[in-house]
Amino acid sequence: VGLKYSASVSLDTFLDSINVSHPQHSWILRMVGFKPGRMRAELITAMNICNNNKNNTQMTGLAGLVNFAASQGDLFAVEGGNDQLIRSAIQQAKFKRAQSCQPNHKGNAHIDYITKRIKTVVSDYEKGMELFDKDGKLLGAYDIVILAAPLQFCDITFLTRGSMFDSQVLSPMILNRMIDEEVLVTNAFDHSHAIGKSLPDSATRPYTQVITTIISGGILNQTYFSINEDEKVPKSILMTRRGSEQIGLSSITELGPFLFKTFSSKKLTHEQITTWFGEKAIIEEVKVWGGLNGGATPDFNGGGESSLGTNFLLYSGSDGFGGEADKSALFYTNTMESAVAAIEISAIGAKAVAKLVAERLGLINVVEDIQDIQGDEL
């Protein structure tokens, strides 16, 4: 399956291309009593609504294919939560650095792990990339900054300092534009003119909201969900497009005796809870993913222009003399989420950025000829 095509079209279009039956197709079969397209309309749609809160027309083909990964093989979870991945990565980085890097002239080389809420990033030609907290306190200046969170809800202001008239003036940082060397203004305080479009729609479009609700003391209303009294209640109930639109749920999962988890687009009302789980049901926890500015999963918007991502290099400062400043670069690991999203995609994006940073710092060389690639290319 070609990734370029599947990443740029809707899942419905992709399923058409591989001849997966659609409910609106095969009218002859419907006339004689068959119901074609049920796998597509029910199973595939329900899977995508559960995982991404999107139906087939709203997904990209590639994002839909990723959701099939759980249909074969074993399933795994990270003990203690996915945030353990970050801690593990830091530990591995420290170990590998200690093995491979020699101490520099300032002392032993080390990696610091500091938890701070960054509010503003300012590019300064002489000082580098300055980071400020919500109170305006300078936390430090760095050669390179890597943004590892979606631009839509990182809630960070990106600025540049300096112009040809005032070396201290602050201006919005123009992200995702290539430098046009023919119109560079030769002034040490001028930020280079840019060509082409700035941020694509995928980098500004809000993520899709998913709300998790944990309910205890509940008994599932089998009649409401068309489950007969003598039927065994399934551990999970996934919603089709019509079901999701009618009742506002994406899925229901039984976690244990009288304990349930739901996914929904909006916070559930008391009336909904009592209707589905009885009067004794208690809401134990409600999680709004990403907060008011966030969301749980990208809004793929059906592919096409909507699936175009940013560059991994969002900003590269100019020294004003036709070159790039060594201390002004902003990289972005989440660009591929315009077309597909998973932990593995985040890892791929992070690896690509790490190599681009290493190339910028002169630690590795760019492979000029594709024929020279023997293994893990940049």
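You'll find the structure just up there.
As a starting point, this report considers the structure included with it. What you are looking at is a predicted structure, and each value in this text was computed from that prediction instead of being measured.

**Considerations on the layout of surface pockets**
Working step 1: Estimated volume of the second largest pocket: approximately 620 Å³.
Working step 2: What lines the second largest pocket is a set of 23 residues, among which Ala 41, Thr 240, Arg 241, Arg 242 and Gly 243 lie closest to the centre.
Working step 3: Secondary-structure elements contributing two or more residues to the lining of the second largest pocket are helix H4 (38-52), strand S10 (236-238) and helix H7 (241-247).
Working step 4: The leading source of residues in the lining of the second largest pocket is H7, at five residues.

**Some remarks on the sheet that holds strand S5 (residues 157-161)**
Working step 1: Here we have five strands laid out as an open sheet, ordered S3-S2-S1-S5-S6, and mixed in their pairing. What marks the edges here is a single partner per strand, and that holds for strand S3 (138-142) and strand S6 (170-172). On average, adjacent strands in this sheet sit at an angle of 30° to one another, irrespective of strand direction.
Working step 2: Sheet topology note: the strand S1 (residues 118-124)/S5 ladder contains four bridges and is parallel. Bridge pairing in S5 links Thr 120 to Thr 157.

**Focus: unusual backbone geometry**
Working step 1: Located in the positive-phi region is Asn 53, a residue other than glycine, with phi close to 55°.
Working step 2: You can see Asn 53 is positioned in the loop between H4 and helix H5 (61-66).

**Examining the sheet that holds strand S9 (residues 211-216)**
For sheets, the rule is that strands pair by backbone hydrogen bonds, running either parallel or antiparallel.
Working step 1: Ordered in space as S10-S11-S12-S9-S13, the five strands form an open sheet in which the pairing is antiparallel. Since the sheet does not close on itself, it has two edges, and those belong to S10 and strand S13 (282-288), each with one partner. Pairwise comparison of adjacent strand axes, ignoring direction, gives a mean angle of 15° for this sheet.
Working step 2: For S9 and strand S12 (residues 259-264), the ladder comprises six bridges, and the chain directions are antiparallel. Note on S12: the bridge partner recorded for Ile 215 is Phe 260.

**Quick look at empty space enclosed by the protein**
Working step 1: Under the definition given, this model contains one cavity of 30 Å³ or more.
Working step 2: Empty space within the largest cavity amounts to approximately 130 Å³.
Working step 3: Taken together, 15 residues make up the lining of the largest cavity; nearest its centre are Gln 152, Ser 202, Tyr 207, Glu 337 and Ser 338.
Working step 4: Partitioned by chemical class, the residues of the lining of the largest cavity number six nonpolar, six polar and three charged.

**Side note on the pattern of salt bridges**
In a structure, side chains of opposite charge can pair up when their charged atoms sit close to one another.
Working step 1: If you walk through the whole model with that rule in mind, you get ten salt bridges.
Working step 2: With its nearest N and O atoms 3.7 Å apart, the salt bridge here joins Asp 135 to Lys 134.
Working step 3: Bridged by salt links that share partners, the residues Asp 12, Asp 16 and Arg 40 form one connected network.

**A short note on the packing of aromatic side chains**
Working step 1: Within this structure, the stated rule accounts for five aromatic pairs.
Working step 2: Ring geometry for Tyr 5 against Phe 14: centres 6.4 Å apart, planes inclined by 45°, an arrangement best described as tilted.
Working step 3: Look at Tyr 5 and you get partly exposed, because its relative accessible area is 40%.
Working step 4: Measuring from centroid to centroid gives 5.1 Å for Tyr 224 and Phe 225, while their planes differ by 70°, and the two rings are edge-to-face.
Working step 5: The exposure class assigned to Phe 225 is buried, which follows from its relative accessible area of 14%.
Working step 6: One residue, Lys 287, lies across the ring of Trp 289, its end atom 5.2 Å from the ring centre.

**Regarding the pairing of S12**
Working step 1: Here strand S11 (residues 249-256) runs beside S12; their pairing, made up of six bridges, is antiparallel. From the neighbouring strand, Gly 256 faces S12, where its bridge partner is Leu 259.
Working step 2: Hairpin connection of S11 to S12: two residues between the antiparallel strands, including Phe 258 at a positive phi of 65°.

**Some words on the side chain of Asp 124**
Working step 1: Topologically, Asp 124 is positioned in strand S1.
Working step 2: For Asp 124, a relative accessible area of 10% gives the class buried.
Working step 3: A polar atom in the side chain of Asp 124 sits 2.9 Å from the backbone nitrogen of Lys 127.
Working step 4: Of note is the side chain of Asp 124, whose polar atom sits 3.0 Å from the side chain of Arg 161.

The rules behind each value
Residues numbered from 1 in each chain as written. Predicted model: local features only at pLDDT ≥ 70, side-chain atom pairs only at ≥ 80, totals over all residues. Heavy atoms only, no water. 1 Å grid on protein atoms, 1.4 Å probe; cavity = no way out; pocket = protein on both sides within 12 Å on 5 of 7 lines; lining within 4 Å. Points joined across faces, edges and corners; volume = space filled by probe spheres on them. Helix = DSSP H or I, 4+ residues; strand = E, 2+ residues; numbered from the N terminus. Pairing = 2+ DSSP bridges. Axes fitted to C-alpha atoms, helices over the stretch in contact; angles between N-to-C directions. Nonpolar A, V, L, I, M, F, W, Y, C, P; charged D, E, K, R; others polar. Salt bridge = Lys/Arg side-chain N within 4 Å of Asp/Glu carboxyl O. Phe/Tyr/Trp six-rings, centres within 6.5 Å; stacked < 30°, edge-to-face > 60°. Buried < 20%, exposed > 50% of the residue type's maximum accessible area, 1.4 Å probe, protein only. Lys NZ or Arg CZ within 6 Å of the ring centre and 35° of its normal. Polar contact = N/O pair within 3.5 Å; in protein donor to acceptor, adjacent residues only side chain to side chain.

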